[in-house]
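So you can see what is in the structure, the chains are spelled out below.
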Amino acid sequence: MNNDIIKLLNLEQFNLKIEKINIAKVKNILNCYITISKEDIACPVCGYSKCNIKDYRPKKIQHSISTNNPCFIIYNARRYKCTCCGNIFYERNPFSKTFDKTSTYTIVSVLNKLKSHTKTFTDVATDMFLSTTTVIKIFDQYVDFKRPPLPEVICFDEVYLSRKSNYKYAFVMADFINCKLLDIYYSRHKDRLSQYFYKIKASERNNVHYIVIDMWDTYRDLATIYFPKALIVVDSFHVIKHLNEAIISIRIKIMKKYDNKNDSLETNDIYYYMLKKFHYFFIKEYDDIYDGKIKIPKLKTKWHKDEIRKYLLSIDEDLKYAYYLKERYREFSLTAKYDTCDNEFNELINEFQNSHLEEFRDFGLLIARWKPYIKNSFIRVNGKRLSNGPMEGINSRIKTIIKGANGFKNFYRFRNRVIYSINKDVPILGTPKK
Ligand SMILES: [Zn+2]
């Protein structure tokens, strides 16, 4: 019987010696009355080993086990009186830290549940029959992430917080090689970040060999000032993103020439229809487009992607030219080698800069300006090409947490929450923070 209760309470791991145990259900609440067996215990003050039981003091400890009921341990805590020095003291409490009203088991369960980035504090509170305040308190007491030393390759990125927050974007820094978060800082403003980096010892900053950034001047400037030993690398996906924006704008301009201002796409001009319906042909990797027959409802037929592309590119010479130049850059970006890329790179910059399409001229200027940093993205470290790739998965998970977060009044907590649930190996403090 006792063993069954112990099992039910998930207390097997605590190796309890029980004197008395009872469960009572009052309304919906499980109360479990426990007295543990007497142990030989020495006085913590004088060390005298023969102490007498003085009395018992019940302690109510919240113990959230996975049942459909809130549960409490009513722990009949024994007090001793030392017959030598008169000191009065409690026996060792196996359920919780000395004066904690929440059991150790509950705390560990809460912290485990919070490892999931999709669960909010409130979700966990509801799961565990605790208040959100309690869950937050447990989190604050046991999780305090300390930034590890900066590794060889770091990624800089930002994440959008909210319109309402004082700082719209937070700065995110990750370890490229281990794909782990290094830190999150409440602002990506230049002066704020400057203060942040200034506080990191120069000797530590000098260990960084590569910094991957998007094409943002602030990051480049800060990297130059604070990381003089590091090469700056522009993430090639960001370059492609700009290129895609250029071709989207070109496609839309051309498409609009055929817009009959018709309410339904199906009855609009066929060129307009095709350019709109198959917009993704212009930005998606061609190999990734479905390789079977694709439905074209307006023509009541199905075509293979080869036919569709041929059709799309037959509509307008500018579009055809833009498409192939974009493809050339994309191919270059995927396959170029650091040591041999210069000729092709210069040619491409030239082509874009001298294009008759304004969007491509702008793109040409952009890649000319960032050329050395884009070139650095062809470098490989540990066989892996330098990029902000690790940030992608991290950022999407941060966004999930932001959706569930109730503002950013306590940014430090938000930071801990994000890093705790994404890195998975953040240590839980042995001694809770006060
Ligand atoms: Zn004593």
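It should be emphasised that the depicted structure is a prediction, and the values quoted were computed from it without experimental measurement.

(A) Quick look at the environment of Tyr-324. The topology assignment puts Tyr-324 in helix H11 (residues 317–335). Distance from Tyr-324 to Lys-284, taken between C-alpha atoms, is 13 Å for residues 40 residues apart in sequence.

(B) Focus on the coordination of the zinc ion. All of the protein donors around the zinc ion are Cys-43 (SG), Cys-46 (SG), Cys-82 (SG) and Cys-85 (SG); their distances to the metal are 2.3 to 2.4 Å. Every donor counted, the 4 donor atoms about the zinc ion form angles of 103 to 119° at the centre, which fits tetrahedral coordination. Every donor residue of the zinc ion comes from the same chain, spaced as C-x2-C-x35-C-x2-C. Here the residue Cys-43 occupies a position in the loop between strand E2 (29–36) and strand E3 (51–62), and Cys-85 occupies one in the loop between strand E4 (71–82) and strand E5 (88–90), the gap between them amounting to 42 residues.

(C) Local environment of the nonpolar core. Membership of the largest hydrophobic core comes to 69 residues, with the highest contact counts inside it found for Phe-156, Phe-197, Phe-227 and Tyr-329. Examining the composition of this core, we find that 8 residues originate from one element, helix H8 (residues 236–256), more than from any other. Both domains that meet at this core, namely domain 2 (153–234 + 387–423) and domain 3 (236–376), each give it at least three residues. When sequence neighbours within four positions are dropped, the list of residues in contact with Phe-197 reads Phe-156, Phe-171, Met-173, Arg-205, Leu-222, Tyr-226 and Phe-227.

(D) Seen up close, the packing of aromatic side chains. Summed over the entire model, instances satisfying the criterion amount to 38 aromatic pairs. Ring centres of Phe-156 and Phe-227 lie 6.3 Å apart, and the angle between their planes is 70°; on these two criteria the pair is classed as edge-to-face. With Phe-156 in strand E6 (residues 153–160) and Phe-227 in the loop between helix H7 (217–226) and strand E10 (231–234), the pair connects residues that are 71 residues apart, well separated along the chain. Residue Phe-156 is classed as buried on the basis of its relative accessible area of 0%. Look at Phe-171 and Tyr-196: their rings are 6.4 Å apart centre to centre, the planes differ by 65°, and that puts the pair in the edge-to-face class. Taken together, the residues Phe-171 in strand E7 (residues 169–175) and Tyr-196 in helix H5 (residues 190–198) connect sequence positions 25 residues apart. The lysine or arginine in question, Arg-188, covers the ring of Tyr-169, its NZ or CZ lying 4.0 Å from the ring centre.

(E) Main features of the state of the cysteines. All chains considered together, the criterion is met by 0 disulfides. You can see Cys-71 has no disulfide; the closest cysteine sulfur is in Cys-32, sitting 6.4 Å from it. The structure places no disulfide on Cys-155, whose sulfur is separated from the nearest cysteine sulfur, that of Cys-179, by 8.0 Å.

(F) Quick look at the environment of Ile-270. Take Ile-270: it is sitting in helix H9 (residues 270–277). By relative accessible area, Ile-270 is classed as partly exposed at 24%. A C-alpha to C-alpha distance of 8.8 Å links Ile-270 and Leu-299, two positions 29 residues apart in sequence.

So, how was this worked out
Residues numbered from 1 in each chain as written. Predicted model: local features only at pLDDT ≥ 70, side-chain atom pairs only at ≥ 80, totals over all residues. Heavy atoms only, no water. Helix = DSSP H or I, 4+ residues; strand = E, 2+ residues; numbered from the N terminus. Donors = N, O, S within 2.8 Å, 3.2 Å for Na, K, Ca; no water. Tetrahedral: all angles 85-135°; square planar, octahedral: opposite > 155°, others 65-115°. Core = buried A, V, L, I, M, F, W, Y, C linked by side-chain atoms within 4.5 Å. Buried < 20%, exposed > 50% of the residue type's maximum accessible area, 1.4 Å probe, protein only. Domains from an automatic or database assignment. Contact = heavy atoms within 4.5 Å. Phe/Tyr/Trp six-rings, centres within 6.5 Å; stacked < 30°, edge-to-face > 60°. Lys NZ or Arg CZ within 6 Å of the ring centre and 35° of its normal. Disulfide = S-S within 2.5 Å.

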